[in-house]
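An overview of the molecular structure
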Amino acid sequence: MTVLGIDIGGSGIKGAPVDIKAGRLLTDRFRIPTPPNATPEAVVDIVDQIRVFFKWDGPVGCTVPARVENGLVRTATNIHGDWVNTQIDDLMQEKMGCPVAILNDADAAGLASMRFGAGRNINGVVLLLTIGTGIGSALFMDGVLIPNTEFGHLT
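Throughout what follows, the structure given in this document is the object of discussion.

Under the 1.5 Å per step criterion, the end-to-end length of helix H1 (residues 40–53) is 20 Å for 14 residues, consistent within 8% with the ideal 20 Å. Turning to H1, its buried residues are Pro-40, Val-43, Val-44, Ile-46, Val-47, Asp-48, Ile-50 and Arg-51. Backbone geometry just after H1 places Lys-55 at a positive phi near 55 degrees.

Listed below in structure tokens is the structure:
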């Protein structure tokens, strides 16, 4: 199965078609800088530009640097404060006309690592850290994700 993978970051929004069975990009990624006023609406417009660039009309998987519960954004650190309490999956689906799944960016990287990378076949505790504009984390216990850990935000 192929989806359009989108990563929303504090400095850039990237996307590419992804073979989710093999865990690999099918093309080079396309990147647009994150706008200074990165409201949900402004970012959704850029995500839609990436969809149009790839002439995409199928499912979209999107990651955001925030705690996400069933498509509802609960925190906003390296993105505009208007993201908090935004049902971002509905907003994107309305704009693009495609089914959209949303999750925390580090959780997505962790899931990929557990399936295709260094985390394969590892039991016990696995911690993955992402370092970019901010620090993200994904925590697994016996292969099960403990979502939205956000260790980079601990004081």
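Here we take up the pairing of strand S9 (residues 125–131). Across seven bridges, the pairing between S9 and strand S10 (residues 135–141) is antiparallel. Considered in S10, the bridge of Ile-131 is made with Ile-135. The hairpin formed by S9 and S10 contains three residues between the paired strands.

Now for the sheet that holds S10. Pairing between the strands of a sheet comes from backbone hydrogen bonds, and it takes one of two forms, parallel or antiparallel. Pairing in this open sheet of three strands is antiparallel, and the strands run S9-S10-S11 from one edge to the other. Strand pairing shows two members of the sheet lacking a second neighbour, S9 and strand S11 (144–146), which therefore form its edges. Across this sheet, the average inter-strand angle for adjacent strands is 30 degrees, counted without regard to direction. Packing of helix H3 (residues 105–116) onto the sheet brings it into contact with S9, S10 and S11, and relative to S10 it is tilted by some 45 degrees.

This paragraph deals with the environment of Thr-133. Following the sequence through the fold, Thr-133 ends up in the loop between S9 and S10. For the pair formed by Thr-133 and Val-100, sequence separation is 33 residues and the distance between their alpha carbons is 24 Å. Apart from the residues lying within four places of it in its own chain, the contact partners of Thr-133 are Gly-10, Ser-11 and Asn-78.

So, on to the packing of aromatic side chains. Each aromatic ring pair is summarised here by two numbers: the centre-to-centre distance and the angle between the ring planes. All chains considered together, the criterion is met by two aromatic pairs. Consider the rings of Phe-30 and Phe-53, whose centres lie 3.8 Å apart with planes at 5 degrees: the pair is stacked. With Phe-30 in strand S4 (residues 30–33) and Phe-53 in helix H1, this pair connects stretches of sequence that are 23 residues apart. By relative accessible area, which is 24% here, Phe-30 ends up partly exposed.

The buried count for strand S1 (residues 2–8) comes to five of seven residues, which makes it a mostly enclosed element. Here S1 folds back onto strand S2 (residues 12–19), and the loop between the two strands holds three residues. Pairing geometry for S1 and strand S5 (residues 60–64), over four bridges, is parallel. Following the sheet pairing, Asp-7 is matched in S5 by Thr-63.

With respect to the helices and strands, Thr-39 occurs in the loop between S4 and H1. Once residues within four sequence positions are removed from consideration, Thr-39 is found in contact with His-80, Asp-82 and Trp-83.

All right, on to the side chain of Arg-51 then. Here Arg-51 lies in helix H1. Setting aside residues no more than four positions away along its own chain, Arg-51 makes contact with Leu-4, Trp-56, Met-96 and Cys-98.

About the criteria used
- Every residue gets a number counted from 1 within its own chain, in the order that chain's sequence is written.
- Per-residue local features are limited, in this predicted model, to residues with pLDDT of at least 70; the limit for side-chain atom pairs, both in listing and counting, is 80 or more; totals at the level of whole chains, interfaces and linings are taken over all residues.
- Side-chain measures were taken over the full set of non-hydrogen atoms in the model, leaving aside hydrogen atoms and water.
- Labels follow the DSSP assignment, with helices taken as runs of H or I lasting at least four residues and strands as runs of E lasting at least two, numbered in each case from the N terminus.
- In this scheme, a helix's expected span is set at 1.5 Å multiplied by one less than its residue total.
- Burial status follows relative accessibility: with a 1.4 Å probe on protein chains alone, a residue under 20% of its type maximum counts as buried, one over 50% as exposed, and anything between as partly exposed.
- Two strands pair under a simple rule: DSSP has to find at least two bridges between them.
- Lines fitted to C-alpha atoms define the axes here, with helix axes fitted over just the stretch in contact, and angles between the N-to-C directions of these axes take values from 0 to 180 degrees.
- Contacts between residues were defined by any pair of non-hydrogen atoms, one from each residue, lying within 4.5 Å.
- Pairing of aromatic rings covers Phe, Tyr and Trp, the last counted by its six-membered ring, and requires centre-to-centre distances within 6.5 Å; plane angles under 30 degrees mean stacked, over 60 mean edge-to-face, and any other angle means tilted.

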